[in-house]
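Per-entry structural report
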Amino acid sequence: MRAETHAELRGATRVFPPREGQGEVHALGPVDLALERGEFFSVVGPSGCGKSTLLELLAGLQQPTAGTVAFEGRPVGNEPPDGIGVVFQEDASFPWLTVWDNVAFGLRRAGVDAAETERRVRDALAFMGLLDFSRAHPAQLSGGMRQRVCIARTLVLQPRLILLDEPFGALDQQTRLLMGDELLRLWRETGATVLLITHALDEAAMLSDRVGVMSARPGRFIDVLATGWARSRDSRIVSRPEFGAVTGRLWDLLREESIKALGGR
Amino acid sequence: MTRRWVDYLLLAAGFLALWQILFLLAGEHALASPAATLRRAGELLASGAFWKHAAETGTAFGLACLVALSSGLALGIWLGFRRLAGEVADPILGSLYSIPKITLYPLILLLFGLGLSAKVAFGAIHGIFPVAIFTMNGIRQVPPVHLKTARVLRLSAWQTAKSVLMPSAAAEIAAGLRVGFSVTLLGTLIGELFASTSGIGYSLVRAMDTHQVVEIMALTFLLFAFAALANSALLALERRVR
Amino acid sequence: MSRAASVRWLRVALIAGVVLALEALCRAGLVSRHTLIAPSEMALSLARLLASGRVAGDIRFTLQNTAAAIAASIVAGFAIGAAVHALPRLRRALDPLFSAYYAVPTFVLYPLLIVAFGIGATSLIAMGAMFGVVAMIINTLIGLDRVPLALMKTARVMRLGGARTMLLVRLPAALPTLVTGMKLAVAYSVIGVVAAEFILATAGVGKRIAFAYNDFDTRTMYALMLLIIVAVMVLNGMLHAWEQRLHRRWGRA
């Protein structure tokens, strides 16, 4: 059965125009990527390869200098289209609102009625294990919990495509593994398409249906690996031999590019 | 770079246009036209009398700066280093900074009499607080990890201060010096308004008393131009330090 | 004793020490009565002055003017600051001018304002507002600068649009810095109004101080100076407490 393309980039390139003291920067591309509806796709690559730029192109936060970006068959304009949720690397929780109000924020702006808002927020907070902290302010929570608030805030809007830019970057390894499990649960329950940017190969290998490996700047896809995991997976697949094979293959592809990115030979 | 200058010119042009419009609306008893003001400013710059006044003010300002900046720096460094003293002094300094020092004006006049020392004193009490506050904050904000690095490298106290603390705090200190410079100038000018028989401040008062609109505006324009230029220079210096 | 408590005690001790030293200096006659009077006398004089109601009208006048000037500074300062922030080229050109603004005694333009607005409260308020507005503009610029990029991007992803982004995201995010600006706007507005009253001398606390100064009535003069200082410190303290509460509740954004 042919999978439906949910979002795609075709020949997408991003070049930053020259500025005071700098020439132009060829940050990304050309990149071709077709995300299948409902899949979990990770992007790995050396630092500076333009992974975040790729995500922002998909989200409509930046425009491609060349090529096209489409979501659900329609071209993405200069503002984020409806149905896309984004979780950033930095903490984007609103410090002046409580956890509850943070999560309810998008719903209230979209005019969703109070009863529905209450229901969805409660469910999301319960799902992310934050119900007990509804009245706290983000400043009182740990980094991991704040990211969960951001994820919950994205969740309640029921996005069809969820983009995550190194959301667990600031967390320790154990928390990351657990958050990975939660992300998988979220993915299964919502049926959304997920694109995850990460620099952690094990994370990409564990979570994804497919992993795209990017070259050093300007980033292009060198290869896309299919992992073949079952949908019902969790972090315990790290003990499987196939897992080692996948991460090994990823590093094979990535090692050269990483050296290039570091400026060595 | 040239774009910056074009912007300044555009801004100046816009400002002159606005000024001219206000002048047409308000009449020549309330405002002087840009042309008249600039002409008078030119005359002043060419006149010896003006420069004599400027030298007066300049001397007082220079001395006030010396006092304000050096004592502000010293105070700020000391409070930055000594945690306890710094914590105790922080809100006190903040309050003293926000007290309208003009309320202390009569006291200064009574203490120092009319003359140079009053001007210097008034200028100095304006400038010392921002310098001290910024310096203190700059030093307190040096990331502990830098200090730990200095210890691991086994630097002496002097080396630590010179090569780790000062560079790290330099940006804040530069900002403080810049603000201190501006407010010290203000304080010195205010000090001259009533406490002097010469100096730019005095010239201003005389012009105010005789309601010479063009004179007031020309002098204010020159002062503003001086302050703006000095500030730009200090800003540029500050950016380099960052 | 906790550290916070010992810091507080030390501070109180320091202030008390200075006041007592001043008191001693004055009582011992080391400073002439025409120059400075003892703090206790200042306080007493102020209490008597307030009780007698002689300055009630002037105080009310100054209060009204100051309140209006503060409100004008804050509102106009924020509006102008937000507008300039949206035009980066304009902002870069204006930056050195804003920093230079407080170096020039702009109240020398005051007589010109009188001719334009007439003698009366309007000129005084205008003077106070003119003095306070730039501090608010500067802090608005800094505050809006400091809104984390991630919050702005989130607002775009949620498709909030310009006005709602400003109202619901940028303004709250910038609030701690805006409160700092408000503290400065308050201080400067008070200076502007009182200095203007001093010069114009028709009504208000400033006028009273001017008269007392000219009459060598140090008691009244210092009493009123004390009043202004205390009032500013109280307002400043309240805003400072608000600022601290924001920093605690919201963390360093």
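Use the structure listed above.
Structural notes, computed from the coordinates. Here the residue numbering is sequential within each chain, running from 1 through the sequence in written order. Chain letters start at A and ligand numbers start at 1, both assigned in the order the entries are written. Totals for whole chains, interfaces and linings use every residue, but because this is a predicted model, local features are given only for residues with pLDDT of at least 70 and side-chain atom pairs only at 80 or more, for both listing and counting. To get the side-chain values, all heavy atoms of the structure are used, and hydrogens and water are removed first.

1. As for the overall build of chain B
A run of DSSP states H or I qualifies as a helix once it reaches four residues; a run of E qualifies as a strand once it reaches two. Both are numbered from the N-terminal end. Helix and strand content of chain B: 10 helices and zero strands. Helices (α) and strands (β) of chain B occur, in sequence order from the N terminus, as α-α-α-α-α-α-α-α-α-α. Over its C-alpha atoms, taken along the principal directions, chain B stretches across nearly 70 × 50 × 30 Å. Here the term buried applies to any residue with accessible area under 20% of the maximum for its type, exposed to any over 50%, and partly exposed to those in between, with areas from a 1.4 Å probe on protein chains only. Considering chain B as a whole, with its 242 residues, one finds that 47% of them fall into the buried category.

2. What about the packing of helix α8 (residues 157-195) of chain B against helix α9 (residues 200-209) of chain B?
Residues and elements named next belong to chain B. Relative to each other, α8 and α9 sit at 55 degrees, their axes nearing to 7 Å. Relative to α9, the element α8 lies oblique. Where α8 crosses over α9, the handedness of that crossing is right-handed. Side by side, α8 and α9 meet where Leu189, Glu192 and Leu193 of the first sit next to Ile200, Gly201, Tyr202, Leu204 and Val205 of the second. Of the residues that constitute the contact of α8 with α9, the class distribution is six nonpolar, one polar and one charged. Structural elements are reduced to axes, namely lines fitted to C-alpha atoms, with helices fitted over the stretch in contact, and the angle between N-to-C directions of any two is expressed from 0 to 180 degrees. These descriptions rest on fixed angle ranges, namely under 35 degrees for roughly parallel, over 145 for roughly antiparallel, 65 to 115 for roughly perpendicular, and the rest for oblique. Crossings are assigned a handedness: left-handed for a near helix turned anticlockwise from the far helix by less than a right angle, right-handed for a clockwise turn. Contacts: residue pairs with any heavy atoms within 4.5 Å of one another. All residues other than Ala, Val, Leu, Ile, Met, Phe, Trp, Tyr, Cys, Pro, Asp, Glu, Lys and Arg, Gly among them, are scored as polar; the first ten of these are nonpolar and the last four charged.

3. What about the side chain of C:Thr140?
Among the structural elements, C:Thr140 can be located in helix α6 (residues 121-145). Those residues within four positions of C:Thr140 in sequence are excluded, and the remaining contacts are C:Gly77, C:Phe78, C:Gly81, C:Ala82 and C:Leu178.

4. Some thoughts on the environment of B:Leu44
Residues and elements named next belong to chain B. Inspection of the secondary structure puts Leu44 in helix α2 (residues 34-46). Classification of Leu44 as buried rests on a relative accessible area of 6%. Distance in space between the C-alpha atoms of Leu44 and Ala55 is 13 Å, their sequence separation being 11 residues. Look past the residues within four positions of Leu44 in its chain and what remains in contact with it is Phe50, Trp51, Glu215, Ala218, Leu219 and Leu222.

5. Section: the nonpolar core
The term nonpolar core refers to a set of buried residues drawn from Ala, Val, Leu, Ile, Met, Phe, Trp, Tyr and Cys, joined through side-chain atoms within 4.5 Å. Residues A:Leu9, A:Leu33, A:Leu54, A:Leu58, A:Leu163, A:Leu195 and A:Leu250 are the most contacted members of the largest nonpolar core, which totals 109 residues. Considering every element that reaches this core, the biggest residue donor is helix α8 (residues 162-200) of chain C, with 10 residues. In this structure A:Leu9 touches A:Val31, A:Asp32, A:Leu33, A:Leu54, A:Leu57, A:Leu58, A:Thr68 and A:Val69, once residues within four positions along its chain are discounted. Ranked by size, the runner-up nonpolar core spans 67 residues in total, among them B:Ala32, B:Ala118, C:Tyr110 and C:Leu200.

6. Points about the interface of chain C and chain B
Contacts between the two partners involve 45 residues from chain C, matched on the other side by 50 residues from chain B. Accessible area, probed at 1.4 Å, shrinks when two parts are joined; the buried area is that loss added up over both. Among the residues of chain C in contact with chain B, C:Arg89, C:Val108 and C:Leu112 are the three that bury the most area, contributing 13% of the side total. When a carboxyl oxygen of Asp or Glu is within 4 Å of a side-chain nitrogen of Lys or Arg, the pair counts as a salt bridge. Note that B:Asp7 is salt-bridged to C:Arg89, the shortest N-O span being 2.4 Å. Under the rule applied, a polar contact is a pair of N or O atoms within 3.5 Å (in protein, one hydrogen donor and one hydrogen acceptor; residues adjacent in sequence only if both atoms are side-chain atoms). Connecting chain C to chain B are five residue pairs in polar contact (both at pLDDT 80 or more). Those elements that place two or more of their residues in the side of chain C that touches chain B are α1 (3-27), α4 (88-101), α5 (110-117), α8 and α10 (218-250) of chain C. Residue contributions to the side of chain C that touches chain B peak at 10 residues, all from α4(C). Among the residues making up the side of chain C that touches chain B, the classes are represented as 37 nonpolar, four polar and four charged.

7. Some words on the sheet that holds strand β6 (residues 84-87) of chain A
Residue and element names in this part refer to chain A. In this scheme, strands are said to pair when DSSP sees at least two bridges between them. Pairing is mixed across the open sheet formed by six strands, whose spatial order is β6-β7-β8-β3-β9-β10. The open sheet has two edge strands, β6 and β10 (221-226), and neither has a second partner. Strand-to-strand twist of the sheet, defined as the mean angle between neighbouring strand axes without regard to direction, takes the value 15 degrees. Bridge count for strand β3 (residues 40-44) against strand β9 (residues 210-214) is four bridges, and the pairing is parallel. By the bridge assignment for β9, Phe41 is matched with Arg210.

8. Observations regarding α1(C)
The length a helix should cover is 1.5 Å for every residue beyond the first. In a regular helix each residue adds 1.5 Å, so 25 residues correspond to 36 Å; α1(C) covers 36 Å between its end C-alpha atoms and thus fits that length. In this structure, the buried residues of α1(C) make contact with α4 (83-98) of chain B together with α2 (39-52) of chain C. Following α1(C) by one or two positions, C:Gly29 has its phi on the positive side, about 75 degrees.

9. Comments concerning the pattern of salt bridges
Summed over the entire model, instances satisfying the criterion amount to 33 salt bridges over all chains. A:Arg146 is the salt-bridge partner of A:Asp91, the closest N and O atoms lying 3.5 Å from each other. Of this pair, A:Asp91 sits in the loop between β6 and α2 (99-109) while A:Arg146 sits in helix α4 (residues 143-155), and the two are 55 residues apart along the sequence. Among the ionic pairs, C:Arg219 bridges to C:Glu41, the shortest N-O distance being 3.0 Å. Within this pair, whereas C:Arg219 is found in helix α10, its partner C:Glu41 is found in helix α2, the two being separated by 178 residues in sequence. Residue C:Arg219 is classed as partly exposed on the basis of its relative accessible area, which comes to 40%. Here the salt bridges share partners, and the residues they tie into one network are A:Glu4, A:Arg37, A:Glu72 and A:Arg160.

10. Quick word on the pairing of strand β4 (residues 66-71) of chain A
All names here are of chain A. Both strand β1 (residues 5-16) and β4 contribute to a ladder of five bridges, which runs antiparallel. The residue of β4 that forms the bridge with Arg10 is Thr68. As judged from the two bridges shared by β4 and strand β5 (residues 74-75), these two strands associate in the antiparallel manner. Along β5, the bridge assignment pairs Phe71 with Arg74.

11. Remarks on the sheet that holds β4(A)
Here four strands make up an open sheet; going across it, the order is β2-β1-β4-β5 (chain A) and the pairing antiparallel. Strands at the two margins of the open sheet, each flanked by one partner only, are β2 (25-36) and β5 of chain A.

12. Structural notes on the packing of aromatic side chains
Between the rings of Phe, Tyr and Trp (Trp by its six-membered ring), a pair exists once the centres lie within 6.5 Å; its type follows the angle of the planes, with under 30 degrees stacked, over 60 edge-to-face, and the other angles tilted. In this structure the tally under the stated criterion is 13 aromatic pairs over all chains. With 6.0 Å between their ring centres and 50 degrees between their planes, B:Phe15 and B:Trp19 make a pair best called tilted. Placement of both B:Phe15 and B:Trp19 in helix α1 (residues 2-26) is noted, with a separation of four residues, approximately one turn of the helix. Residue B:Trp19 is classed as buried on the basis of its relative accessible area of 10%. Ring geometry for C:Tyr102 and C:Phe131: centres 5.7 Å apart, planes at 75 degrees, overall edge-to-face. Here C:Phe131 lies in helix α6 and C:Tyr102 lies in the loop between α4 and α5, a separation of 29 residues in the sequence. Pairwise contacts between aromatic rings join A:Phe94, A:Trp96, A:Phe105 and C:Trp250 into one cluster. Taking NZ or CZ as reference, A:Arg153 lies 4.6 Å from the ring centre of A:Phe94, over its face. Sitting over a ring, as applied to charges here, requires NZ of Lys or CZ of Arg to be within 6 Å of the ring centre and within 35 degrees of the ring normal.

13. What to know about the environment of B:Val179
All names here are of chain B. Assignment of secondary structure puts Val179 in helix α8. A relative accessible area of 23% places Val179 in the partly exposed class. Here Val179 is in contact with Tyr97, Pro130 and Phe134, once residues within four sequence places are set aside.

14. Description of unusual backbone geometry
Here the bond from A:Gly29 into A:Pro30 is cis, since omega is 5 degrees, no more than 30 degrees from zero. Secondary-structure assignment places A:Pro30 in strand β2. Cis geometry marks the peptide bond from A:Arg217 to A:Pro218, where omega comes out at 0 degrees. Positionally, A:Pro218 belongs in the loop between β9 and β10. Of note, the phi angle at B:His211 is positive, near 50 degrees, even though the residue is not glycine. Structurally, the position occupied by B:His211 is in the loop between α9 and α10 (213-241). Using a relative accessible area of 32% as the deciding quantity, one classes B:His211 as partly exposed. A positive phi angle is found at C:Phe216, which is not glycine, with a value near 60 degrees. In this structure, C:Phe216 sits in the loop between α9 (205-214) and α10. Take C:Phe216: its relative accessible area is 54%, and that puts it in the exposed class.

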